[in-house]
Amino acid sequence: GGVVSSLSDTLVAVVIPGAAHHLDLFFSHENDTDEVIAARALEMEHVRKWVEEKRTGYAHAPDPGAVMLGNNAGFDPDRTETE
């Protein structure tokens, strides 16, 4: 189950063959497979892109197919942790 293919350029599925769910979110380990290392690199690429887009303004309109999960009613993307 779960998402096993990307839905768009901005909604990307990270599938790691032979790995447990969320293995890519654990600390690096000497036994990490090439697939886990590649998954982490892909995730960091997207995080860096999101940060850069936030700094410079969004490079594209939000994906109309994006689905917000959870209760985001009070979410303010411009709020800092100290506010």
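Residues numbered from 1 in each chain as written. Predicted model: local features only at pLDDT ≥ 70, side-chain atom pairs only at ≥ 80, totals over all residues. Heavy atoms only, no water.

A.B. asks: Give a description of a nonpolar patch on the surface that names residues and reports values.
C.D. replies: A surface patch of nonpolar side chains, amounting to about 350 Å² of accessible area, comprises Met44, Val47, Trp50 and Val51. The residue Val47 is located in helix H1 (residues 34-56) in this model. (Patch = residues over 30% accessible without salt bridge, like charges linked within 9 Å, V, L, I, M, F, W, Y side chains within 5 Å. Areas by Shrake-Rupley, 256 points an atom, 1.4 Å probe, with all protein chains shown as cover. Salt bridge = Lys/Arg side-chain N within 4 Å of Asp/Glu carboxyl O. Helix = DSSP H or I, 4+ residues; strand = E, 2+ residues; numbered from the N terminus.)

A.B. asks: Could you give an account of H1, with specific residues and numbers?
C.D. replies: Residues three or four positions apart in an α-helix share a direction because the helix packs 3.6 residues into each turn. With 23 residues, H1 should cover 33 Å at 1.5 Å per step; its first-to-last C-alpha distance of 33 Å lies within 8% of that length. Of the positions making up H1, those classed as buried are Val36, Ala39, Arg40, His46 and Glu53. Just downstream of H1, Gly57 is the residue with a positive phi angle, here 95°. (Expected span 1.5 Å × (residues − 1). Buried < 20%, exposed > 50% of the residue type's maximum accessible area, 1.4 Å probe, protein only.)

A.B. asks: Could you give an account of the environment of Ala38, with specific residues and numbers?
C.D. replies: The topology assignment puts Ala38 in helix H1. Looking at Ala38, the relative accessible area reads 44%, which means it is partly exposed.

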